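Here is what each chain is made of, one letter per residue.
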Amino acid sequence: MLLGDTCTRGCMFCAVNTASTPPPPDPFEPFKTADAVCSWGVDYIVLTSVDRDDIPDGGAGHFATTVKLLKEKKPEILVECLVSDFQGNLGSVETLATSGLDVYAHNVETVERLQKFVRDPRAGYHQSLSTLEHAKKAKPGLYTKTSLMLGLGETDREVIDTMKVSAVCLVVCF
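Structure report, in brief.

Conventions used here
Residues numbered from 1 in each chain as written. Predicted model: local features only at pLDDT ≥ 70, side-chain atom pairs only at ≥ 80, totals over all residues. Heavy atoms only, no water. Helix = DSSP H or I, 4+ residues; strand = E, 2+ residues; numbered from the N terminus. Rg over C-alpha atoms; globule rule 2.2 N^0.38 Å. Buried < 20%, exposed > 50% of the residue type's maximum accessible area, 1.4 Å probe, protein only. Contact = heavy atoms within 4.5 Å. Areas by Shrake-Rupley, 256 points an atom, 1.4 Å probe, with all protein chains shown as cover. Lys, Arg positive; Asp, Glu negative; His and termini not counted. Charge placed at Lys NZ, Arg CZ, Asp CG, Glu CD. Patch = residues over 30% accessible without salt bridge, like charges linked within 9 Å, V, L, I, M, F, W, Y side chains within 5 Å. Salt bridge = Lys/Arg side-chain N within 4 Å of Asp/Glu carboxyl O. Polar contact = N/O pair within 3.5 Å; in protein donor to acceptor, adjacent residues only side chain to side chain.

## Points about the overall build of the protein chain
Assigned secondary structure in the protein chain consists of 6 helices and 7 strands. Along its sequence from the N terminus, the protein chain presents helices and strands in the succession β-β-α-β-α-β-α-β-α-α-β-α-β. Relative to the 2.2 N^0.38 estimate, which gives 16 Å for 174 residues, the radius of gyration of the protein chain is 16 Å and therefore close to what a compact globule would have. Projected onto its principal axes, the C-alpha coordinates of the protein chain cover approximately 45 × 35 × 30 Å. Among the 174 residues that make up the protein chain, the fraction classed as buried is 47%. A fraction of 71% describes how many contacts in the protein chain between residues 6 or more apart in sequence connect residues 24 or more apart. Accessible area of the protein chain: about 8500 Å², with a carbon and sulfur share of 58%. Averaging the locations of the 17 positively and 23 negatively charged side chains of the protein chain gives two centres separated by 3 Å.

Have a look at this one:
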């Protein structure tokens with residue numbers, strides 16, 4: 001998990017520490033992460049993080065640097081980045097989408113009707129979808145992925161509707 005262990009949001013389903021001003025990210029973390037991952041001998045890695053609304057780009061540059069370093073050290077490694085919505089900042093989405101990663105993942109989390117009960121108010125269904133769509137526009141052919149939690153009171157119809165609007169994603173997980 002990149003960017004520390006403290007999130008600037010407070011989603012109801014998550015048990016991660018929260019604060020409005022977490023400690024700054026470790027500037028050497030991308031280098032340490034690339035070294036560690038390459039030493040593990042894995043062929044596929046998922047990088048994720050807490051939300052960092054306190055950083056102007058939401059941490060996109062930090063992620064992009066990590067991806068680039070991983071690809072420099074081990075060009076054949078496949079890198080998935082499961083990221084925040086970057087507060088809807090499409091420039092941040094583009095920074096990461098064009099960094100050399102293989103899968104751009106962002107979780108919509110739940111159906112539209114339940115968003116306000118499950119996610120932090122700064123997150124949003126349409127904002128999430130727009131970031132996924134923009135990642136595809138920024139790098140045509142990029143694999144995009146989202147996930148939904150089930151069992152929160154959603155109807156079958158709502159799940160199907162969410163899958164339809166998430167069609168920009170090659171992969172939808174439950």
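## Quick notes on a nonpolar patch on the surface
A cluster of nonpolar side chains, Tyr44, Val46 and Leu78, forms an exposed patch at the surface whose accessible area comes to about 250 Å². By the element assignment, Val46 lies in strand β3 (residues 44-48).

## Structural notes on the environment of Thr155
Checked against the element boundaries, Thr155 lands in the loop between β6 (143-147) and α6 (156-165). Sequence spacing of Thr155 and Val168 is 13 residues, and the spatial spacing of their C-alpha atoms is 22 Å.

## Section: the pattern of salt bridges
All told, the structure shown has 13 salt bridges when counted by the stated rule. As a salt-bridge pair, Asp43 and Lys74 come within 3.8 Å of each other at their nearest N and O atoms. Placement of the pair is Asp43 in the loop between α1 (29-40) and β3 and Lys74 in the loop between α2 (60-73) and β4 (78-82), with a sequence separation of 31 residues. Salt-bridge contacts for Asp53 lead to Arg122; the nearest nitrogen and oxygen are separated by 3.8 Å.

## A word on the side chain of Ser128
Looking at the secondary structure, you find Ser128 in helix α5 (residues 125-138). Of the residues examined, Ser128 reaches a relative accessible area of 0% and is grouped as buried. Polar side-chain contacts of Ser128 include one of 2.7 Å to the side chain of His106. Those residues within four positions of Ser128 in sequence are excluded, and the remaining contacts are His106, Asn107, Val108 and Arg119.

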